[in-house]
Amino acid sequence: MNPLSQSGRIGQIRWSVAGSGFEVRHERDGDSAVDLLRKVETLTELEEVVRRDGEGKYRPLRGEMNLVQGWFYRAKSSEELREVLEVIYPGAVGNWEAEREGRLVQGDWKEAAKRQMGRVQKLIENGEKAVERAERELCQARCGKSPLWSGKKCRAEVGRIPLVCVEPCPIFWDLALGN
């Protein structure tokens, strides 16, 4: 059975079956009446909504747990639902499917650092503490993704697609380097 054919959750998003399609919204909006929420009509408009937090600040980290509330989107099919989730959490559904099927390729942070340039590569030899600090301050404190590259396991729950991080992001490297 296609998990996107029923109600579910991912990150701070929940979706539920609504007629022949799905209603997608922030989980904190719960069962609020749709007339109390902003109706988002296109994927482009959705991109604009999720790009900023509740204070209007840019969200460079898509997994950060500060997604704006107060909106809903009606997806007409499970295919459109997948597109909606891709806009909100790029790569998340594909990573989850690959992980479930045993196809998810993941390494550790040192392997990822070897593919980077200059200063990031220097973390391999003497940056263990900086990497641990960056993981604590960014990945654990702000991001809703499970950093598989650090040896963490998926935060799997029934009815919830886990957000996984297969490789350190540029924001992580910047923090680890002390920038």
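How each quantity is defined
Per chain, residue numbering runs from 1 following the sequence as it is written. Totals for whole chains, interfaces and linings use all residues, but because this is a predicted model, local features are given only for residues with pLDDT of at least 70 and pairs of side-chain atoms are given and counted only at 80 or more. Side-chain measures here rest on the full set of heavy atoms in the structure, leaving out hydrogens and waters. We call a set of buried Ala, Val, Leu, Ile, Met, Phe, Trp, Tyr and Cys residues a nonpolar core when their side-chain atoms join them within 4.5 Å. For every residue, the accessible area (1.4 Å probe, protein chains only) is compared with the maximum for its type, and the residue is labelled buried under 20%, exposed over 50%, or partly exposed between those bounds. Per the convention used, a helix needs a DSSP run of H or I reaching at least four residues, while a strand needs a run of E reaching at least two, with both numbered from the N terminus. Here a residue-residue contact requires only that any non-hydrogen atoms of the pair lie within 4.5 Å. Each residue carries a pLDDT score, the predictor's confidence in it, ranging from 0 to 100. When DSSP finds two or more bridges between a pair of strands, those strands are recorded as paired. Throughout, an axis means a line fitted to C-alpha atoms (over the contacting stretch in the case of helices), and angles, computed between N-to-C directions, take values from 0 to 180 degrees. Put simply, angles under 35 degrees are roughly parallel, angles over 145 are roughly antiparallel, angles from 65 to 115 are roughly perpendicular, and the rest are oblique. Handedness of each helix crossing follows the sense of rotation of the near helix against the far helix: counterclockwise by less than a right angle gives left-handed, clockwise gives right-handed. All amino acids are sorted into three groups, where Ala, Val, Leu, Ile, Met, Phe, Trp, Tyr, Cys and Pro are nonpolar, Asp, Glu, Lys and Arg are charged, and the leftover types, Gly among them, are polar. Polar contacts, as used here, are pairs of N or O atoms within 3.5 Å; protein pairs need one atom able to donate a hydrogen and one able to accept it. Residues neighboring in sequence count only if both atoms are side-chain atoms. Throughout this description, the term salt bridge denotes a Lys or Arg side-chain nitrogen within 4 Å of a carboxyl oxygen of Asp or Glu.

Caption draft 1: Spotlight on the nonpolar core. Judged by nonpolar contacts, the single largest core of 26 residues is most densely connected at Ile 10, Ile 13, Trp 15, Val 24, Trp 71 and Ile 88. Counting only elements with at least two residues in this core, the list comes to β2 (13-18), β3 (21-26), α1 (43-50), β5 (71-75), α2 (78-88) and α3 (92-100). Counting residues per element, this core draws most heavily on α2, which supplies five residues. Excluding its chain neighbours within four sequence positions, the residues that come into contact with Ile 88 are Ile 13, Val 24, Leu 46, Val 50, Arg 62, Leu 67 and Trp 71.

Caption draft 2: Quick look at the confidence of the model for the protein. Counting all residues, the mean pLDDT for the protein is 90, and 97% of those residues have values of 70 or more. Per-element confidence in the protein is highest for α1, whose mean pLDDT is 98, and lowest for helix α5 (residues 119-126), whose mean pLDDT is 78.

Caption draft 3: Quick peek at the sheet that holds β5. Taken in spatial order, the six strands of this open sheet run β4-β5-β3-β2-β1-β7, and their pairing is mixed. Strand pairing shows two members of the sheet lacking a second neighbour, β4 (38-40) and β7 (160-161), which therefore form its edges. As paired elements, β4 and β5 share three bridges and run parallel to each other. Within β5, the position partnered with Val 40 by the bridge is Tyr 73.

Caption draft 4: Broad picture of the packing of α1 against α2. Taken N-terminus to C-terminus, the directions of α1 and α2 make an angle of 30°; their axes are 9 Å apart at the nearest point. Regarding the angle of α1 to α2, the classification is roughly parallel. At the point where α1 passes α2, the crossing takes the right-handed sense. Residues Leu 43, Leu 46, Glu 47 and Val 50 of α1 form the contact with α2, whose participating residues are Glu 83, Val 84, Val 87 and Ile 88. Looking at the contact of α1 with α2 residue by residue, the class counts come to six nonpolar, no polar and two charged.

Caption draft 5: Looking closely at the side chain of Arg 14. By the element assignment, Arg 14 lies in strand β2. A distance of 3.3 Å separates a polar side-chain atom of Arg 14 from the backbone oxygen of Gly 30. Only 2.7 Å separates the side chain of Arg 14 from the side chain of Asp 31, close enough to count as a polar contact. If we ignore the near neighbours within four places in the chain, the residues touching Arg 14 are Gly 8, Arg 9, Glu 23, Val 24, Arg 25, Glu 27, Gly 30 and Asp 31.

Caption draft 6: Highlighting the pattern of salt bridges. Applying the stated criterion across every chain, the model contains 16 salt bridges. Across the salt bridge formed by Glu 101 and Arg 103, the nearest N and O atoms sit 2.7 Å from each other. In this structure, a network of salt bridges that share partners links the residues Glu 47, Glu 48, Arg 51 and Arg 62.

Caption draft 7: Layout of the pairing of β3. Most of β3 sits inside the fold, with six of its six residues counted as buried. If you look at the hairpin formed by β2 and β3, you'll find two residues sitting between the two strands, and Gly 19 has a positive phi there, around 65°. Where β3 lies against β5, four bridges are found, and the strand directions are antiparallel. The residue bridging Arg 25 from the neighbouring strand is Phe 72, located in β5.

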